[in-house]
Amino acid sequence: MSMELKMAWRNIWRNPRRTGLTISAVAFASLILVFMLSFQFGCYETMINTSVKISTGHLQVQAKGYLEDKKMRQVIRDPDQVATRLDTVKGIDAYTFRANGFALVSSDQRTYGVVVTGIDPLGEAHVSTIQSLVRTGRYLTANDAYAALIGAPLAKNLKVDINDEVTLLGQGRDGSIAAAVLTIKGIFDSGMDAMDRNVIMMDLQGFQDIFSMGKTVHEIIIIADALGDVSRVQQDIRDQLSGKREDTDLAVLDWMDILPGLLQGIQMDLVSGIIMYIILIIVVAFSIFNTFLMAIFERTREFGVMMAIGTRPSRMATLVMIESVCMTLVGIVAGIIIGSLLTLYFQQHGIYIAGTEDILKQYGIPDRLYPRLSLISASAGPLVVFLITFVSSVFPALKIRKLNPVEAMNHV
Amino acid sequence: MLVRLAWRNIWRNPRRTLVILLAVIIGVWSMIFLGAILRGMEAEMLRNAMSNLTGSLQIHHRAYRDDPVVENSMADRDKLDRVLGISLGQGAHWTRRVRVMAVASNARHSGGVTLVGIEPEKEARISFIGSAMTAGRYLESGDKNQILVGRAFLATFNTKIGHKLILMSQDIHKEMASKAFRIVGVFSAESEAVEKQFVFVPLSQAAGMLKMGESISEISILLPDLDMTGTQETHMALKLTAAIADDTYCVETWQQLLPMMKAYLEMSGFFLYVWYGVVFVAMGFGIVNTTLMAIFERMREFGLMKALGMRPLQVVKGVVAEAFFLLVLGISVGNILGFLSVAAIARNGIDLSVLAAGAQMWGIPRKLYPEIWVQDLVVAGLVVLVLGVLVSVYPAVKAARFTPTQAMMKN
């Protein structure tokens, strides 16, 4: 075998130009795949983390059924007890409580139906980015029971500004009427239309008073240390909560449950990406197939001589296969190295694509995108390139077996 | 003479020619195929977005889009009727709407919705609602307190056909107006958000409840052809603006109404051409390599030609002419293959319903019919032809550099 390996290696470099071009083709395909996959994964992670930080959190604890129905009475009865359990779970960065209700909000001139969310100002600041999204006025403080944060377009529609008052009218948890006057302290702009137009935030304790919630809440929002830890943390929380009778009606949901659209959007983008990559790989495979085939034609005479001196056709086929594997490997390694360096560069500096700001803003993403190199993104594409080029080199190699030494030697 | 020589040279070794041709064909086919899928997706997304109560163009009160309330409505119904009757061409449809934020409530639930007052027959020709009924019936012209709601709405409000629903909103005098409706029909839409957001009632009932009289919130116009570049809409908008000649009314095209869609279409078109470039580079390596090898195989021949007095430039021209023929041939066959494969899948479309929720969020259609754009064909063909000829210059120069002695010594 080592003899074949040596022969193959020398054969490759007998024609450096051809080898160089073949290797370049493989390297180019690998490079593109490494970069594009890293880019896609980077975008996904940014999208997930921004969506998660603006509203939903990586994980949520809710009453069972609340996700589907969003009924006021589906509450977590004893949030503090759940919190003590959460404190024992490793990998949780922060958590906070929230409660939601529907209400009519009126200013002097206008009335709109909105979602009122009760937040714990201190806890919320660790979990979501809402504090930094307040563009005018200020964020809530600990004793702001009847203060509110409002989205910029909603403020415009209601024709209200900082320190104006709005009236809330809704239904409490027990069916009673919930009414209050809130003072607007801050106006936020998350870029996500649904949130900016439909949500008013206020202090959780004030919310609990107005909506007769007692000590109960609707959601516990949890941020994990890293996106990769989410499923483990979810399992740990489930383990912590199971077995306690009062907790069996609680559900531990991850961002994929809460935002199924985001997950499927990512899957869809991945699928369309994969279609494009497959097409690229097919084109490259044909490039390489052609080169191999031509190389075999060109070396017909040489094979004829080798056969005449007693080399078995199978051995020559093996030799040719080893040559192609060597070339592909060199190309792939070069592609992975260059692709990774390129990716790492943009991972540091970000990529700015003109004209995409508006689209990115909808997902709350800043105008630069950062690819993210990972073991999978660096190896998956090149591995497929390797397999496909290997397969495409089999057919030319098989051609050798059909050669007749006498005819082959006469070949020019 | 050069051309004839090149053409004959190509067919002297059909096997070699076929190998190079195959690379070009596959490359061109992949570009056309990918382009067709992408364009099909874009067209379907745009159609969906338009049918989602947008249309090709809309007319509003100038302040309505910023502040969509009943005060900002259009009073001069006769004038608009007259202008639209004259200005719109054959095949265009238009309808009036009252559109306002409202609160819907029943015994179990209450929530914010968009109340849309429609003219049932005209609306059906323009937006999705006409063909979206899954249960019950559509609105009819004589209807009074009938209302259509979405499928997802039924679940949220825990209600069903025949039950009552109270709608509340501010009327034109800033007073709270409310009216009871009875659910007669249920519609389904591309996304659950739409099903929860919109409720439809007869135009006259909405106007009556809000004390709007003859005023309306918007006019939606659907032009007969889909123009992804928005040119015909822009022309029509200018024409209508001139005809109305009143700056309290504002005519806007889908490009202004759906800026995200416009940005997305531009970006995906740009990205497609970038990908054409990437595919070409992948293909280019193969073309250069095989052409180079062919040149080296024919070294003797080139040496002989030069010995016979052919000048280097003529050799370059000859080789480039061969590459040109090969590329043109490959592009043609690639186009034919592209057309055939697109036609094959266009008959049934590609089903994307597996990814339904993602499709909703990203506004991507559930079913996809590929579409071939002449523009894409031209770009793909030009990219391959121009760049292909350029890269073949390298082997051609190599061939021109062979000296007669060196070349004829070989073998």
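Quantities reported herein were computed from a predicted structural model and do not represent experimental measurements. (Residues numbered from 1 in each chain as written. Chains lettered and ligands numbered in written order. Predicted model: local features only at pLDDT ≥ 70, side-chain atom pairs only at ≥ 80, totals over all residues.)

### Some points on the overall build of chain A
Note the cut-off: The numbering of helices and of strands both runs from the N terminus, where a helix is a DSSP run of H or I of at least 4 residues and a strand a run of E of at least 2. As a reference, a globule follows 2.2 Å times the number of residues to the power 0.38, and the radius of gyration itself is taken over C-alpha atoms. Exposed residues have 12 or fewer other C-beta atoms within 10 Å of their own C-beta, buried residues have 20 or more, and partly exposed residues fall in between, where C-beta atoms are placed from the backbone. Two residues qualify as a contact pair if the distance between their C-beta atoms, derived from the backbone, is within 7 Å.
Each helix and strand in chain A was counted, giving 17 helices and 12 strands. On C-alpha atoms alone, chain A measures out to a radius of gyration of 31 Å, which is more than a quarter above the 22 Å that the 2.2 N^0.38 rule sets for 412 residues. In terms of overall dimensions, chain A has a C-alpha envelope of 100 × 50 × 30 Å along the principal axes. Within the span of chain A, comprising 412 residues, buried residues form 44% of the whole. For chain A, the share of sequence-separated contacts (at least 6 apart) that also reach a separation of at least 24 residues comes to 82%.

### Brief notes about the overall build of chain B
The helix and strand tally for chain B stands at 15 helices and 12 strands. Taken against the 2.2 N^0.38 rule, which gives 22 Å for 411 residues, the C-alpha radius of gyration of chain B at 31 Å runs more than 25% over that of a compact globule. Its C-alpha atoms put chain B at 100 × 45 × 30 Å along the principal axes. Within chain B, residue pairs in contact and separated by at least 24 positions form 80% of the contacts whose partners lie at least 6 positions apart.

### Here's the deal with the domain arrangement of chain B
All names here are of chain B. The criterion, for reference: Source of the domain bounds: an automatic or database domain assignment. Residue polarity follows a fixed list, in which Ala, Val, Leu, Ile, Met, Phe, Trp, Tyr, Cys and Pro are nonpolar, Asp, Glu, Lys and Arg are charged, and the others, Gly among them, are polar.
Split by domain assignment, chain B resolves into domain 1 (2–49 + 262–409) and domain 2 (55–256). Listed by partner, the interface residues are eight residues for domain 1 and six residues for domain 2. The set of elements that each furnish at least two residues to the side of domain 1 that touches domain 2 consists of α2 (14–51) and α10 (259–297). Looking at the side of domain 1 that touches domain 2, its residues break down into three nonpolar, two polar and three charged.

### Things to note about the nonpolar core
Which entries qualify depends on this criterion: In this description, a nonpolar core means buried residues of the types Ala, Val, Leu, Ile, Met, Phe, Trp, Tyr and Cys, linked to one another by C-beta atoms lying within 7 Å.
One finds A:Ala29, A:Ala148, A:Leu280, A:Val284, B:Val279 and B:Ala282 to be the most contacted residues of the largest nonpolar core, which totals 179 residues. In contact with A:Ala148, not counting residues within four places along its chain, are A:Val166, A:Leu182, A:Thr183, A:Ile184, A:Lys185, A:Ile200, A:Met201 and A:Met202.

### Observations concerning the environment of B:Lys239
All names here are of chain B. Along the chain, Lys 239 turns up in helix α8 (residues 231–244). Given 16 C-beta atoms within 10 Å, Lys 239 falls into the partly exposed group. As a C-alpha pair, Lys 239 and Val 83 span 156 residues in sequence and 10.0 Å in three-dimensional space.

### What about α10(B)?
Owing to its 3.6 residues per turn, the α-helix aligns residues three or four sequence positions apart on the same side. Short version of the rule: A helix is expected to span 1.5 Å multiplied by its residue count minus one. The angle between axes fitted to the seven residues ending at a residue and the seven residues starting there is what we call the bend at that residue.
The end-to-end C-alpha distance of α10(B) is 57 Å, a good match for the 57 Å that 39 residues give at a rise of 1.5 Å each. The axis of α10(B) is deflected most strongly, by about 25 degrees, at B:Met283.

### Comments concerning the pairing of strand β1 (residues 57–61) of chain B
Residues and elements named next belong to chain B. For clarity, the threshold we go by: When DSSP finds at least two bridges between two strands, those strands are taken to pair.
Along β1, five of the five residues are buried, which leaves the element largely enclosed by surrounding structure. The pairing of β1 with strand β9 (residues 218–222) spans four bridges and is classified as antiparallel. Bridge pairing in β9 places Gln 58 opposite Ser 220. For β1 and strand β10 (residues 249–253), the ladder comprises five bridges, and the chain directions are antiparallel.

### Description of the confidence of the model for chain B
All names here are of chain B. Defined as follows: One number per residue, pLDDT, summarises how confident the predictor is, and it ranges from 0 to 100.
Averaged over chain B, the pLDDT score is 87; the fraction of residues at 70 or greater is 96%. Mean pLDDT per element in chain B: helix α13 (residues 356–362) is the minimum at 55, and strand β8 (residues 198–202) is the maximum at 95. Confidence estimates for the predicted assembly give a pTM of 0.79 and an ipTM of 0.76.

### Things to note about the packing of helix α2 (residues 16–56) of chain A against helix α12 (residues 260–298) of chain A
All names here are of chain A. Short version of the rule: Interaxial angles span 0 to 180 degrees and are taken between N-to-C directions of axes, which are lines fitted to C-alpha atoms, for helices over the stretch in contact. Should an angle fall under 35 degrees it is called roughly parallel, over 145 degrees roughly antiparallel, and 65 to 115 degrees roughly perpendicular, with every other angle called oblique.
Two numbers describe how α2 lies on α12: the axes approach to 10 Å, and their chain directions differ by 175 degrees. Regarding the angle of α2 to α12, the classification is roughly antiparallel. Taken together, the residues of the contact of α2 with α12 sort by class into 18 nonpolar, six polar and two charged.

### Side note on the interface of chain B and chain A
Every contact between the two is made by 47 residues of chain B and, on the other side, 45 residues of chain A. Within the residue set of the side of chain B that touches chain A, elements represented by two or more residues are α2, β2 (93–105), β3 (110–118), α10 and α13 of chain B. The greatest single-element share of the side of chain B that touches chain A, amounting to 20 residues, is contributed by α10(B). Here the side of chain B that touches chain A is composed, by residue class, of 31 nonpolar, 12 polar and four charged.

### Concerning the domain arrangement of chain A
Once the domains are mapped, chain A shows domain 1 (2–52 + 262–410) and domain 2 (65–248). Placing the centre of domain 1 of chain A and that of domain 2 of chain A at their C-alpha centroids yields a distance of 50 Å.

### Things to note about the packing of helix α1 (residues 2–12) of chain B against helix α12 (residues 312–346) of chain B
Residue and element names in this part refer to chain B. As a reminder of what qualifies: Helix crossings get a hand from a simple test, with the near helix turned counterclockwise from the far one by less than a right angle marking a left-handed crossing and a clockwise turn marking a right-handed one.
With their axes 9 Å apart at the nearest point, α1 and α12 run at an angle of 55 degrees to one another. Taken together, the axes of α1 and α12 are oblique relative to one another. Both α1 and α12 take part in a crossing whose hand is right-handed. Note on element contacts: α12 touches α1 through Gln 314, Lys 317, Gly 318, Ala 321, Glu 322, Phe 325 and Leu 326, opposite Leu 2, Val 3, Leu 5, Ala 6, Trp 7, Asn 9 and Ile 10. Per-class residue counts for the contact of α1 with α12 are nine nonpolar, three polar and two charged.

### Notes on the environment of A:Glu124
Residue and element names in this part refer to chain A. Topologically, Glu 124 is positioned in helix α5 (residues 121–127). Placed 27 residues apart in sequence, Glu 124 and Phe 97 show a C-alpha to C-alpha distance of 7.8 Å. The residues touching Glu 124, leaving out its near neighbours within four places in the chain, are Thr 96, Ile 119 and Ile 130.

### Description of unusual backbone geometry
Residues and elements named next belong to chain A. With a phi angle near 70 degrees, Asn 163 is a residue other than glycine that sits in the positive phi range. Note on placement: Asn 163 falls in the loop between α7 (152–158) and β6 (165–171). Of the residues examined, Asn 163 has 10 C-beta atoms within 10 Å and is grouped as exposed. The phi torsion at Ser 212 lies on the positive side, around 50 degrees, for a residue other than glycine. In this fold, Ser 212 is placed in the loop between α9 (204–210) and β9 (219–224). Overall, the presence of 16 C-beta atoms within 10 Å leaves Ser 212 in the partly exposed class.

### Description of the environment of A:Pro16
Tracing the backbone through its elements, the reader meets A:Pro16 in helix α2. Sequence separation of A:Pro16 and A:Pro382 is 366 residues, and the distance between their C-alpha atoms is 23 Å.

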